[in-house]
Amino acid sequence: MDGVTAQLAELPRRERRKRELRGRIVDAAAQLFTARGFKATRVAEICALADVAEKTFFNHFPTKRDVLREIADASVDQLRGDVEAVSAASLSTEARLAAFFDHMAERIVSGGPRNRELVTELVHVLNDSEDRSDRAELLLGAFGAIVEKGIDAGEVTRRHAPETLTEMILGAYYVLMFNYANLDAFPIAEHAQASARFLADALAPHPSETDTPED
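Predicted, not measured: the structure shown is a model, and the values here were computed from it. (Residues numbered from 1 in each chain as written. Predicted model: local features only at pLDDT ≥ 70, side-chain atom pairs only at ≥ 80, totals over all residues. Heavy atoms only, no water.)

Participant: Any details on the overall build of the protein? Residues and values, ideally.
Facilitator: A count of helices and strands for the protein gives 11 helices and zero strands. The N-to-C order of helical and strand elements in the protein reads α-α-α-α-α-α-α-α-α-α-α. Sorting the 215 residues of the protein into buried and exposed places 36% on the buried side. Of all intrachain contacts in the protein linking residues separated by at least 6 positions in sequence, the fraction that spans at least 24 positions is 69%. Surface accessibility of the protein: about 12,600 Å² in total, with carbon and sulfur atoms responsible for 51%. (Helix = DSSP H or I, 4+ residues; strand = E, 2+ residues; numbered from the N terminus. Buried < 20%, exposed > 50% of the residue type's maximum accessible area, 1.4 Å probe, protein only. Contact = heavy atoms within 4.5 Å. Areas by Shrake-Rupley, 256 points an atom, 1.4 Å probe, with all protein chains shown as cover.)

Participant: Can you tell me about the packing of helix α9 (residues 162-182) against helix α10 (residues 188-203), naming the residues and giving the values?
Facilitator: Where α9 contacts α10, the two axes come as close as 11 Å, and the packing angle between them is 165 degrees. As far as their axial angle goes, α10 and α9 are roughly antiparallel. For the crossing formed where α9 meets α10, the hand is right-handed. Where α9 approaches α10, its residues Leu 165, Met 168, Ile 169, Ala 172, Leu 176, Met 177 and Tyr 180 are matched on the opposing element by Ile 188, His 191, Ala 192, Ser 195, Phe 198, Leu 199, Ala 202 and Leu 203. For the contact of α9 with α10, the per-class residue count stands at 13 nonpolar, two polar and no charged. (Axes fitted to C-alpha atoms, helices over the stretch in contact; angles between N-to-C directions. Parallel < 35°, antiparallel > 145°, perpendicular 65-115°, else oblique. Left-handed = near helix turned anticlockwise from the far one by under 90°. Nonpolar A, V, L, I, M, F, W, Y, C, P; charged D, E, K, R; others polar.)

Participant: Hey, could you go over the side chain of Thr 157 for me, with residue numbers and the actual values?
Facilitator: Checked against the element boundaries, Thr 157 lands in the loop between α8 (132-152) and α9. Reaching out from Thr 157, the side chain makes a polar contact with the side chain of Glu 209 at a distance of 2.6 Å. Thr 157 has contacts with Ile 151, Leu 165, Ala 202, Leu 203, Ala 204, Pro 205 and Glu 209, leaving out every residue within four places of it along the chain. (Polar contact = N/O pair within 3.5 Å; in protein donor to acceptor, adjacent residues only side chain to side chain.)

Participant: Residues and numbers for helix α5 (residues 64-88), please.
Facilitator: With 25 residues, α5 extends 36 Å between its outermost C-alpha atoms, agreeing within 8% with the 36 Å of an ideal straight helix rising 1.5 Å per residue. Considered for burial, the residues of α5 that qualify are Lys 64, Val 67, Leu 68, Ile 71, Ala 72, Val 76, Leu 79, Asp 82, Val 83, Val 86 and Ser 87. You can read the cap of α5 off the contacts: a side-chain oxygen lies 3.3 Å from the backbone nitrogen of Arg 65, and it is on Thr 63. (Expected span 1.5 Å × (residues − 1).)

Participant: Describe a negative patch on the surface, with residues and values.
Facilitator: There is a patch of like negative charges on the surface, built from Glu 148, Asp 152, Glu 163 and Glu 167. Elements that contribute at least two residues to the negative patch include exactly α8 and α9. Considering the arrangement of structural elements, one finds Glu 148 in helix α8. (Patch = residues over 30% accessible without salt bridge, like charges linked within 9 Å, V, L, I, M, F, W, Y side chains within 5 Å. Salt bridge = Lys/Arg side-chain N within 4 Å of Asp/Glu carboxyl O. Lys, Arg positive; Asp, Glu negative; His and termini not counted. Charge placed at Lys NZ, Arg CZ, Asp CG, Glu CD.)

Participant: Explain the packing of aromatic side chains to me, and be specific about the residues and the numbers.
Facilitator: By the definition in use, this model includes seven aromatic pairs. Between Phe 33 and Phe 38 the ring centres are 5.0 Å apart and the planes differ by 65 degrees, which places this aromatic pair in the edge-to-face class. Across the pair, exposure class does not vary: Phe 33 and Phe 38 are buried alike. The cationic tip of Lys 64 hangs over the ring face of Phe 38; the distance from NZ or CZ to the ring centre is 4.5 Å. (Phe/Tyr/Trp six-rings, centres within 6.5 Å; stacked < 30°, edge-to-face > 60°. Lys NZ or Arg CZ within 6 Å of the ring centre and 35° of its normal.)

Participant: I'd love a proper account of the pattern of salt bridges, names of residues and values included.
Facilitator: With the rule as written, the count across this model stands at seven salt bridges. Salt-bridge contacts for Glu 70 lead to Arg 22; the nearest nitrogen and oxygen are separated by 2.7 Å. Of this pair, Glu 70 sits in helix α5 while Arg 22 sits in helix α2 (residues 13-36), and the two are 48 residues apart along the sequence. What makes Glu 70 partly exposed here is its relative accessible area of 25%. Within this structure, Arg 36, Arg 42 and Glu 45 form a network of salt bridges that share partners.

In structure tokens, the structure reads:
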């Protein structure tokens with residue numbers, strides 16, 4: 001029994017049922033949004049796939065966009081998990097950046113053509129949500145760990161504040177998401193690799209920081 005299953009088992013039966021139904025709705029919506037697009041997907045189709053009544057849907061979510069907001073929250077948690085996994089790996093800072101941006105691009109491309117519309121909607125939801133500052137803090141903390149470990153290993157410059165360097169990484173991620181969502185045929189994989197290389201160069205110590213005095 002995994003942690004989530006164990007937590008659900010400890011809940012009262014009614015609350016457990018409520019969460020299970022909500023999860024089925026979100027999973028069904030995510031599948032349809034990816035396959036058909038957010039706008040083309042109807043609430044009735046989500047209900048059919050989730051095997052719930054439309055009344056049940058609206059008991060959990062006032063609108064279709066509210067389901068998307070929950071998917072957006074899950075995507076931020078997934079992103080943070082990806083960053084933390086890369087940060088914990090036994091890699092150089094350059095390799096960590098390359099691994100993260102490669103994985104991010106691969107996940108987007110694997111979603112297929114309809115994924116562009118979903119990413120566009122997710123970007124809008126993330127920017128419009130009241131708790132967007134909380135999401136930004138979570139991501140800054142995750143990316144900040146990569147910077148701090150790089151500084152400790154002598155692979156990241158000390159000439160700039162760690163917070164500034166962290167913001168550079170998060171900014172590069174946001175720009176890639178924005179461009180993919182808004183530019184047709186945007187080569188996300190190629191640009192993700194280029195961003196990782198640029199960041200590795202930008203974060204690298206200046207020669208003056210690594211020079212050792214002569215005897």
